[in-house]
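# Analysis of the macromolecular model
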Amino acid sequence: MEHSLRTEKQLRYDRAYLHMAMEWGKLSHCTRKKVGALIVRDGMIISDGYNGTPSGFDNCCEDDHGNTHWFVLHAEANAILKVAKSTQSAAGATLYLTLSPCKECSKLILQSGIRRVVFVNPYKDQSGVEFLKNAGIEVVQFDPELLA
């Protein structure tokens with residue numbers, strides 16, 4: 001009984017944080033994909049991010065052909081970099097994403113100390129997810145139907 005209550009409570013929190021990540025993603029100026037991220041530790045949101053250009057750059061994420069500029073930062077990278085500039089630590093935290101991490105961001109996730117990743121939609125290349133699982137990080141794909 002206690003296990004199912006804990007699981008149900010975790011499910012409620014996962015759903016709520018993913019909804020917030022989805023809202024945060026709407027702030028992105030990118031037209032192809034709008035991705036949101038939240039980092040939660042000890043029941044507190046310690047960082048957030050969405051995909052976009054670095055500070056000081058024009059907010060246009062795509063070129064005239066619709067291709068994403070190479071310098072656009074992914075949502076999770078922005079959230080992790082925000083933590084790095086703060087007094088917080090991502091060690092032991094959960095990362096909530098609207099899109100699963102790419103292989104480059106997966107390295108940042110591992111190095112930041114994040115222990116759990118929860119996402120909704122799979123990225124086209126799942127090697128980042130496999131990398132995290134092989135590194136012992138809990139990775140959960142949340143059923144989109146449970147977000148309704």
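On a predicted model such as this, the values are computed, not experimentally measured, just so you know. (Residues numbered from 1 in each chain as written. Predicted model: local features only at pLDDT ≥ 70, side-chain atom pairs only at ≥ 80, totals over all residues. Heavy atoms only, no water.)

## Some thoughts on helix 4 (residues 127–134)
Every α-helix carries 3.6 residues per turn, so stepping three or four residues along brings you back to the same face. Here helix 4 has its buried residues at Gly128, Val129 and Leu132. Along helix 4, the residues classed as buried sweep out an arc of 100° about the axis, all on the same side. Glycine 136, located one to two residues past helix 4, shows a positive phi value of around 90°. (Buried < 20%, exposed > 50% of the residue type's maximum accessible area, 1.4 Å probe, protein only. Helix = DSSP H or I, 4+ residues; strand = E, 2+ residues; numbered from the N terminus. Arc of directions from axis to C-beta.)

## Notes on the state of the cysteines
Summed over the entire model, instances satisfying the criterion amount to one disulfide. Left without a disulfide partner, cysteine 60 is nearest to the cysteine sulfur of cysteine 61, which lies 6.8 Å away. Overall, cysteine 60 belongs to the partly exposed group, its relative accessible area being 38%. Here cysteine 102 is not cross-linked by a disulfide; its sulfur's nearest cysteine counterpart is in cysteine 105, at 3.8 Å. Of the residues examined, cysteine 102 reaches a relative accessible area of 10% and is grouped as buried. (Disulfide = S-S within 2.5 Å.)

## As for the nonpolar core
Core analysis: the biggest nonpolar cluster contains 21 residues, and Ile39, Leu95, Ile109, Ile114 and Val117 have the highest contact counts within it. Going through the elements one at a time, strand 1 (36–41), helix 2 (75–84), strand 3 (94–99), strand 4 (116–121) and helix 4 are the ones with two or more residues in this core. Top element by residues in this core is helix 2. It accounts for four residues. Setting aside residues no more than four positions away along its own chain, isoleucine 114 makes contact with Ile39, Ile80, Ala90, Ala93, Leu95, Ile109 and Ile137. The next biggest cluster of nonpolar side chains, apart from the first, holds 10 residues, and it includes Leu38, Tyr96, Val120 and Phe142. (Core = buried A, V, L, I, M, F, W, Y, C linked by side-chain atoms within 4.5 Å. Contact = heavy atoms within 4.5 Å.)

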